[in-house]
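Per-entry structural report
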Amino acid sequence: MQLKAKACVPGVAALLAVVLTGCTGGSGGGDESDDSKPGGSGGSNAPAQPGKYRTLPEPCGEVDEGTLDSMLPGIPEMEVPEQREKAYEGTPTVTYDTDRRVGCNWKIESTGASHHLLIDFERVVSYDGSVSDDARAAEVYATKLREAGLSRPTDSPTESEDTESEDPDDGASPDSGKSSDGSESPGDKAQGGKNARADDDKGSRKGTRKGTDQGPEDDGAALDGADSSAPSTPPPGLESRTLPDLGDEAFLDDALTTATSASRHRTVTVVFRTSNVIVTIEYDEQPGRRTDVPDSKEMQDKAQDLADSLAGDFDE
């Protein structure tokens, strides 16, 4: 019995050696496989980047009283302090999801005209894991740009590449009359903010506001004659156009509505995108007299100044 037990010991030792050798070889192969997976399929399945902005500011508090006094001259004319304070507050826009979209509007009557101001903030979220929030926002912006009859400059932001490939006719008419002025020097585009606009450009804009009044010189002209002679489009250089120095991309639309049964009113719209947020400003003026035409340059200057301020707030 003792001899038999001794004979089993070498056999057990040999078996353990085989098992240990097999385990060592298997663990080495596993390490090589684990190292190759993260560098291979892991990178290709990474989700697209989320947008820079996760929340939106309170829009009615984003416009200071000085700006409202300038754009809505009827407010300083109010003699009752309580009424004036109420006018400054504005009216929030009704939206279904304040995390995604908010807005505020003001409508004020003044001595010679009525003015309406609307600001709208839209935070774009992509529900496609392969498309970033910024790229989706660029698509939404491109739709608004087309609706205004404009096209992107040739060096538009990289986020818009998906949009251009999806909508090939978006840039099919670069010679459009509306976009010719806006795309002259897109290479100088800065990334938004009220400090991005060149000081000399902004200064010249403010310094010449009152010198380009489009209103008819003869207020006593016959009504039909005034209707036929009044310009229906902005003067040269003030046409609807892209704005190369506001946000990631921006445009301005200027529309004068003329009708024989009502006074003319002009609406200046500025839209800009900063990352995954699209900001829209609508500024409307309707004179009390049918022979008066709202000044295009003055309204554009005020709308752009407000847009510069809002873009600067987003950059902070």
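Residues numbered from 1 in each chain as written. Predicted model: local features only at pLDDT ≥ 70, side-chain atom pairs only at ≥ 80, totals over all residues. Heavy atoms only, no water.

A short note on the confidence of the model for the protein
Put simply, the rule is: As a per-residue measure, pLDDT reflects the predictor's confidence and takes values from 0 up to 100. Throughout, a contact is declared for two residues whenever any of their heavy atoms are within 4.5 Å.
Per-residue confidence for the protein gives a mean pLDDT of 72, with 59% of residues at or over 70. This stretch, residues 1-9, has a pLDDT under 50; its non-local contacts, to residues over four places away or in other chains, come to zero contacts. With pLDDT under 50 throughout, residues 158-230 is counted as low confidence; its partners more than four residues away or in other chains account for 123 contacts.

Looking at the environment of Ser296
The condition that has to hold: What counts as a helix is a DSSP run of H or I of at least four residues, what counts as a strand is a run of E of at least two, and both are numbered from the N terminus. Each residue's exposure class comes from its accessible area (1.4 Å probe, protein chains only) as a fraction of the maximum for that residue type: buried when under 20%, exposed when over 50%, partly exposed otherwise. Throughout this description, a polar contact denotes any pair of N or O atoms lying within 3.5 Å of each other; where both atoms belong to protein, one of them has to be capable of donating a hydrogen while the other can accept it, and for residues adjacent in sequence the pair is counted only when both atoms sit in side chains.
Within the secondary structure, Ser296 is located in helix H8 (residues 296-315). For Ser296, a relative accessible area of 0% corresponds to the buried category. In this structure the C-alpha to C-alpha distance between Ser296 and Pro235, which are 61 residues apart in sequence, comes to 8.0 Å. Looking at Ser296, its side chain comes within polar contact range of the side chain of Asp254, at 2.5 Å.

Quick look at helix H4 (residues 133-147)
The condition that has to hold: Given a helix with a known number of residues, its expected span is that number minus one, times 1.5 Å.
Taking 1.5 Å as the rise per residue, H4 with 15 residues should run 21 Å; its terminal C-alpha atoms sit 21 Å apart, in good agreement. When H4 is considered as a whole, its buried residues turn out to be Asp133, Asp134, Ala135, Ala137, Ala138, Glu139, Val140, Tyr141, Ala142 and Leu145.

Thoughts on the nonpolar core
Just so we agree on the cut-off: In these notes, a set of buried Ala, Val, Leu, Ile, Met, Phe, Trp, Tyr and Cys residues joined through side-chain atoms within 4.5 Å is what counts as a nonpolar core.
Counting residues in each nonpolar core, the largest one holds 36 residues, and the members touching the most others are Leu117, Ile119 and Ile281. The set of elements that each furnish at least two residues to this core consists of helix H2 (65-71), helix H3 (81-89), strand S2 (101-109), strand S3 (113-123), strand S5 (249-259), strand S6 (262-274), strand S7 (277-287) and H8. Looking at which element gives the most residues to this core, the answer is H8, with seven residues. Apart from residues no more than four positions distant in its own chain, Leu117 is found in contact with Leu68, Met71, Leu72, Cys104, Asn105, Trp106, Ile281, Glu282, Tyr283 and Leu306. Listed in part, the 10 residues of the second largest apolar core include Ala137, Tyr141, Val271 and Ile278.

Quick notes on the state of the cysteines
Counted only if it meets this: Any pair of cysteine sulfurs within 2.5 Å is marked as a disulfide.
Going through the model one piece at a time under the given rule, you end up with one disulfide. Disulfide pairing places Cys60 opposite Cys104 at an S-S distance of 2.0 Å. Between Cys60 and Cys104, the S-S dihedral sits near 100°, and the bridge is therefore right-handed. In this pair, Cys60 sits in the loop between helix H1 (2-44) and H2 while Cys104 sits in strand S2, placing the two residues 44 residues apart along the sequence. Of the two residues, Cys60 and Cys104, neither departs from the other in class, the shared state being buried.

Looking at the side chain of Arg273
Looking at where Arg273 falls in the secondary structure, it is placed in strand S6. Look at Arg273 and you get buried, because its relative accessible area is 0%. Within the structure, Arg273 has its side chain in polar contact with the backbone oxygen of Ser275 (distance 2.8 Å).

Some remarks on the packing of aromatic side chains
Inclusion rule: Stacked, tilted and edge-to-face pairs are distinguished by plane angle, under 30 degrees for stacked and over 60 for edge-to-face with tilted covering the rest, among Phe, Tyr and Trp rings (Trp via its six-membered ring) whose centres lie within 6.5 Å.
Scanning the entire structure with this criterion turns up three aromatic pairs. A ring pair is formed by Phe121 and Phe314, whose centres lie 5.5 Å apart and whose planes are at 90°; its orientation type is edge-to-face. Here Phe121, found in strand S3, pairs with Phe314, found in helix H8; they are 193 residues apart in sequence, far enough to count as distant. Like Phe314, Phe121 is buried. Ring geometry for Tyr141 and Phe251: centres 5.7 Å apart, planes at 55°, overall tilted. On the criterion of sequence distance, the pair formed by Tyr141 in helix H4 and Phe251 in strand S5 is long-range, its members being 110 residues apart. With a relative accessible area of 1%, Tyr141 lands in the buried category. Residue class for Phe251 comes out buried when judged on its relative accessible area of 3%. Connected via pairs of aromatic rings, a cluster forms that spans Tyr53, Phe121 and Phe314.

Observations concerning the pattern of salt bridges
Here is the rule: The rule for a salt bridge is simple: a side-chain nitrogen of Lys or Arg has to be within 4 Å of a carboxyl oxygen of Asp or Glu.
Tallied over the full model, the rule gives 11 salt bridges. Notably, a salt bridge pairs Asp254 with Arg266, separated by 2.6 Å at the nearest N-O pair. Linking Asp254 in strand S5 with Arg266 in strand S6, this pair joins segments that are 12 residues apart in sequence. Bridged by salt links that share partners, the residues Arg152, Asp248, Glu249 and Arg273 form one connected network.

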